[in-house]
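Commentary on secondary and tertiary structure
Residues per chain are reported as follows:
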Amino acid sequence: MKLYCLSGHPTLPCNVLKFKSTTIMLDCGLDTTSVLNFLPLPLVHSPRLSKLPGWVSKDGSINLEKELKECGGRVFVDSQPELCLPERELMDLSTIDVILISNYHCMMALPYITEHSGFTGAVYATEPTLQIGRLLMEELVNHMERVPKAQTATCWKNKEIQRLLPGPLKDVAEVWAWKRCYTIQEVNSALSKVQLVGYSQKVELFGAVQVSPLSSGYSLGSSNWIIQSHYEKVSYMSGSSLLTTHPQPMDQSSLKNSDILILTGLTQMPTANPDGMLGEFCSNLAMTIRAGGNVLVPCYSSGVIYDLLECLYQFIDSANLGSTPFYFISPIANSSLEFSQIFAEWLCHNKQSKVYLPEPPFPHAELIQTNKLKHYPSIHGDFSSEFRQPCVVFTGHPSLRFGDVVHFMELWGRSSLNTIIFTEPDFSYLDALAPYQPLAMKCVYCPIDTRLNFHQVSKLLKEIQPLHVVCPEQYTQPPPAQSHRSDLMLELPAPPLPYRRCSVLSLPFRRRYERIHLLPELAKSLVPSEVKPGVSVATVSGMLQSKDNKHTLMSVPRPPPAAPTKKRKRVAEEPPELLAPKPLLSGAVPLDGFLATLHKHGVSEVKVEETADGHILHLQAEDALIQMEAHATHIVCDNNEPMGSMEGSSAALD
């Protein structure tokens, strides 16, 4: 059993598990933090960005004015933003049989895998994961294609040039794994390969293993996966939450008794309490609006935004914000809000019960009906005529590099009355703001990450008790900025097995058993003998047939009777004679009895050597060696016919 690690990002994993002749990819996350090294894509011409000076080395030997621009003491790439793909050279991706998706954030690299690697397998995901994942991919494509850039910057990626660049650009790794965004045609082709599954539904893969998704409690349709055979069980835990939010609660009991637990997707903000962050979000928003300023919330179009809107629904009246307009701007804003209301069976029990009243499970439906929340596909069209200030705007992308958020940063960034509130934990807010410096607007960092923290996961692992835990190496040591915080790492009785990008782990687990089915006619012929009360043993001789990873033991076929003929056939044409099976021996070989038997056969010069696993017998005259262990007997001899016949008779001892 081997694990190939194709991503170095702990919350955007991409691993490949080889288990029982099947090759299974676990998630295909797309690392979008690479876009922080690029200049923003403004929707309208930005005089400020267009006048940025190009970068030239101090000695003038390297001139990359067309590729790199200086802004706020940092250097940015001036081209279409590129995304960091999972490693594609570590293994042949065309050999992957199945891809299992845990949540819609961990499937964003799917078109790169399915459309450019010769992949011919199947992809399994829940319906909300597929539909919301499709929306997020379409939104990403829309953001990139809406502001195209003709030039492609590649010279700076040369190792000799990159090491001379100022930081952090010179320290960026895997730059040749960065690629431009896929097309909408590639998205549609990739998602056509997805097969829908429900929680606890068992899917058989080639008769070898079964896979089954379990609710992980993190987002709509998010899943952990169980991968098991008759005697082995591997659990894959990615992006899980024990907090009571809008998704179905996490299924913990089904993870028990795992031989291997692959653990990824823990919180990126272990010191930030989500409830506390929600409180700070609401209070800072209210303070800004009362002072006459605007609030910008860069966020994804699905996920935490549902909880933010629900929190604001309860907060608006008490904070006297009833007349303040709330805008949600995204190409997929309408679809995202509608999908959240129709996936009732994937919601927590409290929200499911509202559907039968009937009431909408999320309160943002009422905010829309009362015109307190308005949604638009972009800043153009109806929004420009209905827009009024002060207001609150939810829009993407949280990296501040593309999408409608770039326009609002240019529009509101020069006023200290305005505030930008970061709620998504995926990006460093300082790096996100870097190309907009100097900035007058206030910045508030309220990262809301509901995934498991280290205390929660340690408690959970004590309950489910896996034999072995595999996790990213980041979880086995404190964060670099807080090296004294030993509580911000995974501490287990048995140290976990860490992995990093491009590593291959041989998992400490060996398959020992395989299930075999006996045909009824063969089972009838067995004569069990009781060896101790309640335990009977029977010898069996049959023919083993293996097909589609299923094994069947059947009776040895008897040869058909020879047809009578006057002419005598040649010996070579006569059917082979099937000999009756020899009686089989079992159990440990008694040393004294075995030496006595050898003596009867004329083998008298035997030197016995005791080992940790048994004994080694040196037959000096015969120039042979017999190694006797608890579970096997080996005979080593060269060109010795008498010993060769003994070797044949000793096979029953192996």
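Residues numbered from 1 in each chain as written. Predicted model: local features only at pLDDT ≥ 70, side-chain atom pairs only at ≥ 80, totals over all residues. Heavy atoms only, no water.

1. Side note on the overall build of the chain
Assigned secondary structure in the chain consists of 17 helices and 34 strands. Once the C-alpha set of the chain is aligned to its principal axes, its extents read approximately 105 × 75 × 60 Å. When contacts within the chain are restricted to residue pairs at least 6 apart in sequence, long-range pairs at least 24 apart make up 69% of them. Taken as a whole, the chain presents about 32200 Å² of accessible surface, with 52% of it coming from carbon and sulfur. Charge-centre separation for the chain: the mean point of 55 positive side chains lies 3 Å from the mean point of 65 negative side chains. (Helix = DSSP H or I, 4+ residues; strand = E, 2+ residues; numbered from the N terminus. Contact = heavy atoms within 4.5 Å. Areas by Shrake-Rupley, 256 points an atom, 1.4 Å probe, with all protein chains shown as cover. Lys, Arg positive; Asp, Glu negative; His and termini not counted. Charge placed at Lys NZ, Arg CZ, Asp CG, Glu CD.)

2. Examining a nonpolar patch on the surface
On the surface, a nonpolar cluster with roughly 250 Å² of combined accessible area is contributed by Ile516, Leu518 and Leu544. Residue position: Ile516 is located in strand S26 (residues 516–518). For Ile516, a relative accessible area of 41% translates into the label partly exposed. (Patch = residues over 30% accessible without salt bridge, like charges linked within 9 Å, V, L, I, M, F, W, Y side chains within 5 Å. Salt bridge = Lys/Arg side-chain N within 4 Å of Asp/Glu carboxyl O. Buried < 20%, exposed > 50% of the residue type's maximum accessible area, 1.4 Å probe, protein only.)

3. What to know about the nonpolar core
In this structure, Met25, Ile99, Leu110, Tyr182, Leu285 and Phe394 are the most contacted members of the largest nonpolar core, which totals 108 residues. The residues contacting Tyr182, other than those within four sequence positions of it, are Leu30, Met108, Pro111, Tyr112, Met137, Leu140, Val141 and Val187. Counting 27 residues, the second largest nonpolar core, distinct from the first, contains Cys5, Val197, Val209 and Val470. (Core = buried A, V, L, I, M, F, W, Y, C linked by side-chain atoms within 4.5 Å.)

4. Concerning the sheet that holds strand S9 (residues 122–125)
The seven strands are arranged S11-S9-S8-S3-S2-S1-S25 in an open sheet whose pairing can be described as mixed. This sheet does not close on itself; its edge strands, each paired only once, are strand S11 (194–196) and strand S25 (504–506). Pairs of neighbouring strands in the sheet enclose a mean axial angle of 25°, with direction left out of account. The sheet contact formed by S9 and S11 spans three bridges and is parallel. Bridging from a neighbouring strand, Tyr124 pairs with Gln195 of S11. (Pairing = 2+ DSSP bridges. Axes fitted to C-alpha atoms, helices over the stretch in contact; angles between N-to-C directions.)

5. Here's the deal with the pairing of strand S2 (residues 15–19)
In terms of residue burial, S2 counts as a mostly covered element, since four of its five residues are buried. Note: strand S1 (residues 2–5) against S2, four bridges, orientation antiparallel. Pairing of Cys5 across the sheet is with Asn15, part of S2. Sheet topology places S2 next to strand S3 (residues 22–26); five bridges connect them, and they run antiparallel. In the sheet register, Lys18 faces S3, and the bridge partner there is Thr23. Joining the antiparallel neighbours S2 and S3 is a turn of two residues, in which Lys20 adopts a positive phi near 55°.

6. Section: unusual backbone geometry
The peptide bond linking Gln389 to Pro390 adopts the cis configuration, its omega dihedral lying at -5°. Along the polypeptide, Pro390 turns up in the loop between helix H11 (382–386) and strand S20 (392–395). Cis geometry marks the peptide bond from Gly396 to His397, where omega comes out at 15°. Within the secondary structure, His397 sits in the loop between S20 and helix H12 (405–412). A positive phi angle, close to 60°, is found at Asn257, a residue other than glycine. One can find Asn257 in the loop between strand S15 (233–238) and strand S16 (260–264). The exposure class of Asn257 is exposed, given its relative accessible area of 65%. Phi is positive for Cys502, which is not a glycine, with a value near 75°. With respect to the secondary-structure elements, Cys502 resides in the loop between strand S24 (497–499) and S25.

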